[in-house]
Amino acid sequence: MTTLWDDFKSQFAIPRAGVGADGIYLCSHSLGLMPRSVRSAMIDQLDVWASMGVDGHFRAVDPWIDFNLNCSATLAKWANCKPAEIIVMNSLTVNLQLALASFYQPRYNRCKVLIESSAFPSDEIAICSHLMVRGVDPHAHLLNADCDPETHWVDVDRLLTTIEDHKEDLACVILPMVKHDTGQLLPVQAIGQLCRQYGIIFGLDLAHALGSVPVDLAKIDSDFAVFCTYKYLCAGPGAVGGLYVNQRNFSASVPRLGGWFGQPSSIRFNVNERFRPIEDASGWQVSNPPIFSVAPLKAALAIFEKVSRADYFQQIAILRRHLQIALQNNLPDKLALLGENSVEGGAAMVCLQARSQGAAEMAIKELTRSGIICDRRHRTLRLSVMPLYNSIEDIDALITVLRGG
Ligand SMILES: Cc1ncc(COP(=O)(O)O)c(C=O)c1O
């Protein structure tokens, strides 16, 4: 009997492993698989270009001029916010720079930014370089909330205490909802509340959260969030990213690094005019949308439109629980499950830590040889479950290999 989930799996191209057989893909935390519909979605846009040239901007069935805008409705459903609070544009790191330009406003003694130690390198580089551009010394003003030096697990109590201790001098707290190297889910709602209480801007990196955990931006109430779409959202390598701006920050008077697409289409071509940004997230756009990057995202989002959010996250919970219990009961001595022992809740990514880098390399080699695709960060093996194409059988196959069977 085929299930709803089998039907979804058939809509994705599954990479081949070795000779003939489909691989078992547990790497959606890095890059999601290609929806088969992407090929025709790309060809459709090539055909519009070929047949209409510049007229594709206004006369195509889905005009290029605002080709990215209708992604916001689906993404807003998945992130529980208003469509006007989401804009698809640029890439995650570029959007982080744009958000910092607007929301990092150092004043008097309030100049510091707090991130977690072992933050994703691009986040830390973006923030350090941004502080330098703004004339703020990152060595003195970038704080790192402690992580366990071995496991990189964030001590949440200490994180909250660090915010309390620096409540007078923190301008911004910028954190991931799901940590890239451990899969740890941070209590972002509580952190956001504390930030608001002290007038600190709170920004989120949702790279490992969208499509991995039920993100609820209405509840989290961060000032901004940045995201990519090439992981669980399956929009393809280097696909266009996005920015969420909380509606309380929509005002045109918020400073920004602007461009013509931040203005209403009616005045985009006006010369000698003051910059008048749109008063929603689309007012942070700089350039015209990259059609060949948005087209795959649209094809992927059309699949997400067909699955209920509740069913999708329930299936992640089922797969994750199965994976965690199987790992707890079957791991060889050289590997340990990262994080708390609880099997309830958590993200689609589960991490294992090997005793040594060599042991991690060996484990990855063995998995690859057996057609299981996942990845490694130093001593940590990262595995993720994606309900649209992973099943209990995939997890059982993984466990067989890890047990050396
Ligand atoms: C947590 C996190 N932040 C930032 C990035 C960088 O994203 P981009 O290259 O799309 O700017 C990644 C990429 O994997 C990531 O995992």
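## Section: the site of the ligand
Neighbouring the ligand are 13 residues; Ser91, Leu92, Thr93, Phe120 and Ala207 lie closest to it. Elements supplying a minimum of two residues to the shell around the ligand: helix H5 (92–103) and helix H6 (121–133). A per-class count over the shell around the ligand returns five nonpolar, six polar and two charged.

## Topic: helix H9 (residues 188–197)
Listed as buried for H9 are Val188, Ile191, Gly192 and Cys195. Angularly, the buried residues of H9 cover 100 degrees about the axis, an arc narrow enough to put them on a single face. Turning to H9, the residues buried within the fold contact helix H8 (156–165), strand E7 (170–176), strand E8 (201–205) and helix H10 (217–220).

## Observations regarding the sheet that holds strand E4 (residues 86–88)
Pairing is mixed in the open sheet, where seven strands are placed in the order E4-E10-E9-E8-E7-E5-E6. Each edge of the open sheet carries a strand with a single partner, namely E4 and strand E6 (142–145). Neighbour-to-neighbour, the strand axes of the sheet open up by a mean angle of 20 degrees, direction not taken into account. Pairing analysis gives three bridges linking E4 to strand E10 (residues 242–245), with the strands arranged antiparallel. When the bridges of E10 are listed, Ile86 appears paired with Tyr244. Across the sheet, H5 touches E7, E8, strand E9 (224–227) and E10, and the angle it forms with E9 is around 165 degrees.

## Regarding the nonpolar core
By size, the foremost hydrophobic cluster in this structure holds 114 residues, and its most contacted members are Leu26, Val173, Leu206, Leu243 and Tyr244. Take this core: its biggest share by element is seven residues, from helix H11 (residues 291–304). Mapped onto the domain boundaries, this core takes at least three residues apiece from domain 1 (4–35 + 308–402) and domain 2 (56–304). Once residues lying within four places of it in the same chain are set aside, the contact partners of Leu206 are Met177, Val215, Ala225, Val226 and Phe227.

## What to know about the packing of helix H2 (residues 37–52) against H11
Viewed as axis vectors pointing N to C, H2 and H11 meet at an angle of 140 degrees, and their least axial separation amounts to 9 Å. Judged on the interaxial angle alone, H11 and H2 are oblique. For the element pair H2 and H11, the recorded crossing hand is right-handed. Where H2 abuts H11, its residues Ser37, Val38, Ala41, Met42 and Gln45 lie against Ile291, Phe292, Ala295, Pro296, Lys298, Ala299 and Ala302. In terms of residue class, the contact of H2 with H11 is built from nine nonpolar, two polar and one charged.

## As for the sheet that holds strand E14 (residues 375–377)
Across the sheet, four strands lie side by side as E11-E12-E15-E14; this open sheet has antiparallel pairing. Two strands bound the open sheet, and with one partner strand each, they are strand E11 (335–337) and E14. If you compare each strand with its neighbour and ignore which way they point, the axes differ by 35 degrees on average.

## Considerations on the domain arrangement of the protein
When the domains of the protein are assigned, the result is domain 1 (4–35 + 308–402) and domain 2 (56–304). With centres defined by C-alpha atoms, the gap from domain 1 to domain 2 works out at 28 Å. At the interface, 26 residues of domain 1 touch 24 residues of domain 2. Among the elements of the structure, strand E3 (34–35), helix H12 (309–330) and strand E12 (349–354) are those that each provide at least two residues to the side of domain 1 that touches domain 2. With four residues, E12 is the largest single contributor of residues to the side of domain 1 that touches domain 2. A per-class count over the side of domain 1 that touches domain 2 returns 14 nonpolar, ten polar and two charged.

## Brief notes about H5
Because the α-helix completes a turn every 3.6 residues, residues three or four places apart line up on one side. With twelve residues, H5 should cover 16 Å at 1.5 Å per step; its first-to-last C-alpha distance of 16 Å lies within 8% of that length. Considered for burial, the residues of H5 that qualify are Leu92, Asn95, Leu96, Leu98, Ala99, Leu100 and Phe103. Of the surrounding secondary structure, the elements contacted by the buried residues of H5 are H6, E7, E8, E9 and E10.

About the criteria used
Residues numbered from 1 in each chain as written. Predicted model: local features only at pLDDT ≥ 70, side-chain atom pairs only at ≥ 80, totals over all residues. Near = placed C-beta within 6 Å. Helix = DSSP H or I, 4+ residues; strand = E, 2+ residues; numbered from the N terminus. Nonpolar A, V, L, I, M, F, W, Y, C, P; charged D, E, K, R; others polar. Buried ≥ 20, exposed ≤ 12 C-beta atoms within 10 Å, placed from the backbone. Arc of directions from axis to C-beta. Contact = placed C-beta atoms within 7 Å. Pairing = 2+ DSSP bridges. Axes fitted to C-alpha atoms, helices over the stretch in contact; angles between N-to-C directions. Core = buried A, V, L, I, M, F, W, Y, C linked by C-beta atoms within 7 Å. Domains from an automatic or database assignment. Parallel < 35°, antiparallel > 145°, perpendicular 65-115°, else oblique. Left-handed = near helix turned anticlockwise from the far one by under 90°. Expected span 1.5 Å × (residues − 1).

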